[in-house]
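# Fold and contact review
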Amino acid sequence: MAVSGLSNSLIEALPFAVVLIDANARINGLNGAARLLLGGSLEGRHYLAVLRQPELSGCIERALVERQTGTAPFLRGGTGEYDITYRVQAAPVQLETGPGVLVSFEDTTDLQRAGQMRRDFVANVSHELKTPLTGLLGFIETLKGAARDDPAARVRFLDIMEREANRMNRLVSDLLSLSRVESNERVRPASLVDLATVLGAAVTALRPVAQMRGVEMTLEQGKAVALHGDEDQLMQVFTNLIENAIKYGGAGGSVRISVARHPPGAGFRSDYVQVDVADRGEGFDPVHIPRLTERFYRVDTHRSHELGGTGLGLAIVKHIIGRHRGCGLRPQSGKGRHFQCKFRCRTVCHDLFVFNQRGVMSGLRIWRAEAKGRAQAANGVSLSLSIKTPEAS
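The following paragraphs examine the structure supplied in this document. Owing to the predicted nature of the structure, the values given are computational and were not obtained by experimental measurement.

### Digging into the overall build of the protein
Along the protein, the regular secondary structure elements total nine helices and 15 strands. The 393 residues of the protein split such that 38% are buried. When contacts within the protein are restricted to residue pairs at least 6 apart in sequence, those whose partners lie at least 24 apart make up 55%. Counting only carbon and sulfur atoms, one obtains 52% of the accessible surface of the protein, whose full area is about 22,700 Å².

Now the structure itself:
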């Protein structure tokens, strides 16, 4: 590099790409991050041969000629769906060889994607609300006009209006639920929840829906499992998964809910519990699986609307599982719909502290057999004893 050793050390220490351009519009130096971005062996080349995007080259020229600091976007083709977007700042500096320009590249891809997600979300919500609202306005206009004196048409239109109003109500409720879940996603639940109780309540609540569609539900679970969680949110997770299996599994089918406990593994350092919800419906085309938990994503839009879906249920489920530090919602391809989620089991312990006459504390820790211990006793309780000895006088 043509820059001094100190300048070289400084720009190499920067966590983002930096390029130095001298008064002759030649690249005077760049750091390792810039070489990864633009390529190596660029020293001495004209900056226009390397940074060919017009808005960026104009920003650099103004910094060279007019000594004005400016910013411009810089796009690089990414390996995925989105381009990699940089916010580039060109600032005039004084080099050892004379005036120059320091060009820095800040990766703003995540910000751009977040902005696009917000725009898509607003557009989707507007579309989801506009459709039933348009229908309601049309039916109101009809009832005021041609159908005013037609009792049969009035009853039919009012039934449709009620259905559309309920659809909007479900959408607003799911939006509020999603907002609450996202606001608390990084707050780990502290309450201890019995998983069997939550699953049993969800199955009981949905049994009338299953009977109405002729669907047989089977709940398979072993011993009681406790975990740290929010009971209402876990109820929402399993209600959503089971209700989807009932609705989309087909009339006269079956839904199987199974709970299995596993030793450490699959990303868990302690025992974990796996809950599977499976039906015998049509299943998913593998192309849909990566997007199932996106907001408003539907495999079959028409069928989802007919069955009262809002397109937000699995997005809510994903965020709740994330809050519970679960292993995520994993749809399985193949015959029928099969969803799988995993949670870390909870080991409950109690500490008993005893002080003798000399003030020596003995600690007795009792671990309940709600998770397998390394030294679990035959009666289901393992003991761990720790003693603090008195300091030498």
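Picking up after the structure, the text goes on.
### Points about the packing of helix H5 (residues 151–183) against helix H9 (residues 313–323)
At a closest axis distance of 9 Å, the pairing of H5 and H9 adopts a crossing angle of 20°. Taken together, H5 and H9 sit at an angle that is classed as roughly parallel. H5 and H9 meet at a crossing whose hand is left-handed. Taken together, the residues of H9 that come into contact with H5 (itself represented by Asp174, Ser177, Leu178, Val181 and Glu182) are Ala315, Ile316, His319 and Ile320. For the contact of H5 with H9, the class distribution of residues is five nonpolar, two polar and two charged.

### Some points on unusual backbone geometry
With the exception of glycine, the majority of residues adopt a negative phi angle, and the majority of peptide bonds are in the trans configuration. Despite not being glycine, Ala25 has its phi angle at roughly 65°, a positive value. With respect to the secondary-structure elements, Ala25 resides in the loop between strand E1 (17–21) and strand E2 (27–30). Residue class for Ala25 comes out buried when judged on its relative accessible area of 11%. At Arg67, a residue that is not glycine, the phi angle is positive and equals roughly 55°. Position of Arg67 relative to the elements: it lies in the loop between helix H3 (54–65) and strand E3 (70–76).

### Looking at the packing of helix H7 (residues 231–248) against H9
Two elements in contact, H7 and H9, have axes separated by 9 Å at closest approach and are oriented at 140°. As for the relative orientation of H7 and H9, their crossing is left-handed in sense. Packed against H7, whose contacting residues are Gln233, Gln236, Val237, Asn240, Leu241 and Asn244, the element H9 presents Gly313, Leu314, Ile316, Val317, Ile320 and Arg323 at the interface. Of the residues contributing to the contact of H7 with H9, the split by class is six nonpolar, five polar and one charged.

### Focus: the environment of Ile21
Tracing the backbone through its elements, the reader meets Ile21 in strand E1. Each C-alpha atom, one on Ile21 and one on Val101, is 5.1 Å from the other, the two residues being 80 residues apart in sequence. Contacts of Ile21, omitting those with residues within four sequence positions, involve Arg26, Ile27, Asn28, Tyr47, Ile60, Leu64, Leu95, Gly100, Val101 and Val103.

### Quick notes on the environment of Gly311
Inspection of the secondary structure assignment puts Gly311 in the loop between helix H8 (301–306) and H9. Assessed through its relative accessible area of 18%, Gly311 is described here as buried. Residues Gly311 and Glu294, 17 residues apart in the sequence, show an inter-C-alpha distance of 8.3 Å. Setting aside its immediate chain neighbours within four residues, Gly311 contacts Glu294, Arg295, Phe296, Tyr297 and Arg298.

### Thoughts on the sheet that holds E1
Judged by pairing direction, the sheet is antiparallel, and its five strands sit side by side in the order E2-E1-E5-E4-E3 without closing on themselves. Each edge of the open sheet carries a strand with a single partner, namely E2 and E3. Neighbouring strand axes in the sheet, compared pairwise and without regard to direction, differ in orientation by 25° on average. Examined bridge by bridge, E1 and E2 share three bridges and lie antiparallel to one another. Residue Val19 lies in a different strand from E2, and its bridge partner there is Leu30. Taken strand by strand, H3 contacts E1, E3, strand E4 (84–95) and strand E5 (98–107), and its axis lies near 150° from that of E3.

### Observations regarding a positive patch on the surface
A contiguous patch of positive charge, built from Arg186, Arg188, Arg269, Arg325 and Arg344, is present on the exposed surface. If you trace the backbone, Arg325 turns up in the loop between H9 and strand E11 (330–332). Classification of Arg325 as partly exposed rests on a relative accessible area of 34%.

### A short note on the pattern of salt bridges
Proximity of charged atoms lets side chains of opposite charge pair with each other. Counted by the stated rule, this structure contains nine salt bridges. Linking Asp230 and Arg323 is a salt bridge whose minimum nitrogen-to-oxygen distance equals 3.3 Å. Note that Asp230 is positioned in the loop between strand E8 (226–228) and H7 and Arg323 in helix H9, a separation of 93 residues in sequence. Residue Asp230 is classed as partly exposed on the basis of its relative accessible area of 24%. Close ionic contact of Lys247 with Glu243 constitutes a salt bridge, the shortest N to O distance being 3.4 Å. One end of the pair is Lys247 and the other is Glu243, both in helix H7 and four residues apart, which spans about a single turn.

### Considering the packing of aromatic side chains
In the structure shown here, the tally under the stated rule is six aromatic pairs. Between Tyr86 and Phe105, the ring centres sit 6.3 Å apart and the planes meet at 85°, which makes this aromatic pair edge-to-face. On the criterion of sequence distance, the pair formed by Tyr86 in strand E4 and Phe105 in strand E5 is long-range, its members being 19 residues apart. In this structure, Tyr86 and Phe105 share a single accessibility class: buried. Between Phe238 and Phe343, the ring centres sit 6.4 Å apart and the planes meet at 75°, which makes this aromatic pair edge-to-face. Linking Phe238 in helix H7 with Phe343 in strand E12 (residues 338–344), this pair joins segments that are 105 residues apart in sequence.

Thresholds applied
Residues numbered from 1 in each chain as written. Predicted model: local features only at pLDDT ≥ 70, side-chain atom pairs only at ≥ 80, totals over all residues. Heavy atoms only, no water. Helix = DSSP H or I, 4+ residues; strand = E, 2+ residues; numbered from the N terminus. Buried < 20%, exposed > 50% of the residue type's maximum accessible area, 1.4 Å probe, protein only. Contact = heavy atoms within 4.5 Å. Areas by Shrake-Rupley, 256 points an atom, 1.4 Å probe, with all protein chains shown as cover. Axes fitted to C-alpha atoms, helices over the stretch in contact; angles between N-to-C directions. Parallel < 35°, antiparallel > 145°, perpendicular 65-115°, else oblique. Left-handed = near helix turned anticlockwise from the far one by under 90°. Nonpolar A, V, L, I, M, F, W, Y, C, P; charged D, E, K, R; others polar. Pairing = 2+ DSSP bridges. Patch = residues over 30% accessible without salt bridge, like charges linked within 9 Å, V, L, I, M, F, W, Y side chains within 5 Å. Salt bridge = Lys/Arg side-chain N within 4 Å of Asp/Glu carboxyl O. Lys, Arg positive; Asp, Glu negative; His and termini not counted. Charge placed at Lys NZ, Arg CZ, Asp CG, Glu CD. Phe/Tyr/Trp six-rings, centres within 6.5 Å; stacked < 30°, edge-to-face > 60°.

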